[in-house]
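Architecture at a glance
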Amino acid sequence: MPVQLTWWGHATCTVEDSGVRVLTDPLFARRLAHLRRRRGAPPPPEAAVADVALVSHLHADHLHVPSLARLAPGTRLLVPRGAAAQVPGLRRLERLRVTEVAPGDRVRIGDLVVRVVPARHDGRRLPVGRHRSPALGYVVEGDARTYFAGDTGLFESMAEEVGPVDVALLPVGGWGPYLGSGHLDPGRAAQALARLNPRSAVPVHYGTYWPIGMDAVRPHEFHAPGDEFVRLAAQRAPGVAVHVLSHGESVRPEAAR
């Protein structure tokens, strides 16, 4: 059965492969601190149904405890090593099967193997975290090899450390008018795509949340990254099929190719 990907907004995706549902960085909130969801309705209840959820790093828009609390009892949850010590709310999620992981780890979930890979991003629990946990990416290996980058900057050894992949879920923007270091904008994401050379790619982490009261500030940073990534990917990685999804939309990349 072909792999199916669904984008729920921001970095939240469902990867269905080999009969296993994998959920990435669950964020189901209408509002998070100074951010509000400006595009797409919050994900429906079925979005929280997963066999395993992957958390890439400790920032609150990626490790969101209230969203994790919506997962069914017994759901496997992979988080960066040291997360429970830095995010006390994780300890209250006793119904979930929490495993702390670091780059190089491999975790079997049914017929899948989830391989943990490095990312280049600040791993602290901001704004008060003093200690770093590793920011992570994940490669879901089943009928296909699907790379979820989490949040990351471009780095020289990316292709070597991530390894061969068939599908890449790449961040192409953020939640504010400026991107700091450790992020991919459309141009850097297109460079990453050229290095990884997957068969298909889906841009994520843009066009969902925006700071309250900043709607008129550089609005192209909110609306444009997906289409800009398509344009630049066609120049840098013309052999890769790029699928721009609406919130809640699904694609089977191999069938769509």
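Residues numbered from 1 in each chain as written. Predicted model: local features only at pLDDT ≥ 70, side-chain atom pairs only at ≥ 80, totals over all residues. Heavy atoms only, no water.

Along the protein, the regular secondary structure elements total seven helices and 17 strands. The C-alpha radius of gyration computed for the protein amounts to 17 Å, which stays within 12% of the reference 18 Å derived for 257 residues, consistent with globular compactness. When the backbone C-alpha atoms are referred to their principal axes, the protein occupies close to 45 × 45 × 35 Å. Residues classed as buried in the protein amount to 55% of the 257 residues present. Here the analysis covers contacts within the protein between residues at least 6 apart in sequence; of these, 66% occur between residues at least 24 apart. Total accessible area on the protein is roughly 10,700 Å²; 50% of this is exposed by carbon and sulfur atoms. Within the protein, one finds 31 positive and 25 negative side-chain charges whose respective centroids are separated by 5 Å. (Helix = DSSP H or I, 4+ residues; strand = E, 2+ residues; numbered from the N terminus. Rg over C-alpha atoms; globule rule 2.2 N^0.38 Å. Buried < 20%, exposed > 50% of the residue type's maximum accessible area, 1.4 Å probe, protein only. Contact = heavy atoms within 4.5 Å. Areas by Shrake-Rupley, 256 points an atom, 1.4 Å probe, with all protein chains shown as cover. Lys, Arg positive; Asp, Glu negative; His and termini not counted. Charge placed at Lys NZ, Arg CZ, Asp CG, Glu CD.)

Moving on, we get to the nonpolar core. Of all hydrophobic cores here, the largest spans 52 residues; its most connected members are Tyr 138 and Tyr 147. No other element matches helix α4 (residues 186–196), which puts five residues into this core. Formed by 20 residues, the second largest nonpolar core is a distinct cluster that contains Trp 8, Leu 58, Ala 83 and Val 87. (Core = buried A, V, L, I, M, F, W, Y, C linked by side-chain atoms within 4.5 Å.)

Both the distance between ring centres and the angle between the ring planes are used here to describe each pair of aromatic rings. Evaluated as defined, the whole model comprises two aromatic pairs. Each ring, one from Trp 7 and one from Tyr 206, has its centre 5.4 Å from the other, and the planes form 15°; the classification is stacked. Taken together, the residues span a long stretch of sequence, with Trp 7 in strand β1 (residues 4–9) and Tyr 206 in the loop between β14 (200–204) and β15 (209–211) at a distance of 199 residues. For the pair Trp 7 and Tyr 206, one class covers both residues: buried. (Phe/Tyr/Trp six-rings, centres within 6.5 Å; stacked < 30°, edge-to-face > 60°.)

Below, the discussion takes up α4. Looking at α4, one finds that the buried residues are Pro 186, Ala 189, Ala 190, Ala 192, Leu 193 and Leu 196. Axial view of α4: buried residues confined to an arc of 160°, hence all on one face. Packed against the buried residues of α4 are β12 (145–148), α3 (158–162), β13 (167–171), β14, α6 (225–236) and β16 (241–242). Looking one or two places after α4, you find Asn 197, whose phi comes out positive at around 50°. (Arc of directions from axis to C-beta.)

Moving on to the sheet that holds β16. The strand order β9-β10-β11-β12-β13-β14-β16 describes an open sheet built from seven strands, whose pairing is mixed. At either margin of the open sheet sits one strand with a lone partner, and together these are β9 (106–109) and β16. Direction of pairing for strand β10 (residues 112–118) relative to strand β11 (residues 136–141): antiparallel, over a ladder of six bridges. Within β11, the position partnered with Pro 118 by the bridge is Leu 136. (Pairing = 2+ DSSP bridges.)

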